[in-house]
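What the coordinates show
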Amino acid sequence: MLETREYRCPYCGEWAEALLDLSAGDREYIEDCPVCCRPIVFGLCRDGDEWCLDVRTEND
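Digging into the side chain of T57
If you trace the backbone, T57 turns up in strand β5 (residues 50–57). A residue is classified by how much of its surface remains accessible, and T57, at 11% relative accessible area, is buried. Residues within four places of T57 in sequence aside, it is in contact with P10, Y11 and V41.

Thoughts on the sheet that holds strand β3 (residues 27–32)
Taking strand neighbours across the sheet as the criterion, the three strands line up as β3-β4-β5 in an open arrangement whose pairing is antiparallel. With partners counted over all chains shown, the strands left at the sheet margins are β3 and β5, one partner each. Pairwise comparison of adjacent strand axes, ignoring direction, gives a mean angle of 25° for this sheet. With eight bridges connecting them, strand β4 (residues 39–47) and β5 associate as antiparallel partners. By the bridge assignment for β5, L44 is matched with L53.

Considering the environment of T57
With 18 residues separating them in the primary sequence, T57 and P39 have C-alpha atoms 7.0 Å apart. Of note is the side chain of T57, whose polar atom sits 3.2 Å from the side chain of D60.

Quick word on the packing of aromatic side chains
A complete count under the given rule lists two aromatic pairs for this structure. Consider the rings of Y29 and F42, whose centres lie 5.2 Å apart with planes at 5°: the pair is stacked. On the criterion of sequence distance, the pair formed by Y29 in strand β3 and F42 in strand β4 is long-range, its members being 13 residues apart. The residues Y29 and F42 share a single accessibility class, namely buried. Within the aromatic cluster, the residues linked to one another by ring pairs are Y7, Y29 and F42.

Cut-off values and rules
- Residues numbered from 1 in each chain as written.
- Predicted model: local features only at pLDDT ≥ 70, side-chain atom pairs only at ≥ 80, totals over all residues.
- Heavy atoms only, no water.
- Helix = DSSP H or I, 4+ residues; strand = E, 2+ residues; numbered from the N terminus.
- Buried < 20%, exposed > 50% of the residue type's maximum accessible area, 1.4 Å probe, protein only.
- Contact = heavy atoms within 4.5 Å.
- Pairing = 2+ DSSP bridges.
- Axes fitted to C-alpha atoms, helices over the stretch in contact; angles between N-to-C directions.
- Polar contact = N/O pair within 3.5 Å; in protein donor to acceptor, adjacent residues only side chain to side chain.
- Phe/Tyr/Trp six-rings, centres within 6.5 Å; stacked < 30°, edge-to-face > 60°.

So far we have only geometry, and geometry alone does not tell us how the molecule works.
This is the structure we're talking about:
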């Protein structure tokens, strides 16, 4: 199951969209910001019936 979610880059502050694969369950992965190209750590987890997306820098 794929879902699109908006997020704000923790480096440049620009808004972007991520395509999330919810069928893989809770996970963490790194993807570059489409604006500033810096690596963002994405944390995807399930909170009851809702999915949570946490974005942070590599140094956090």
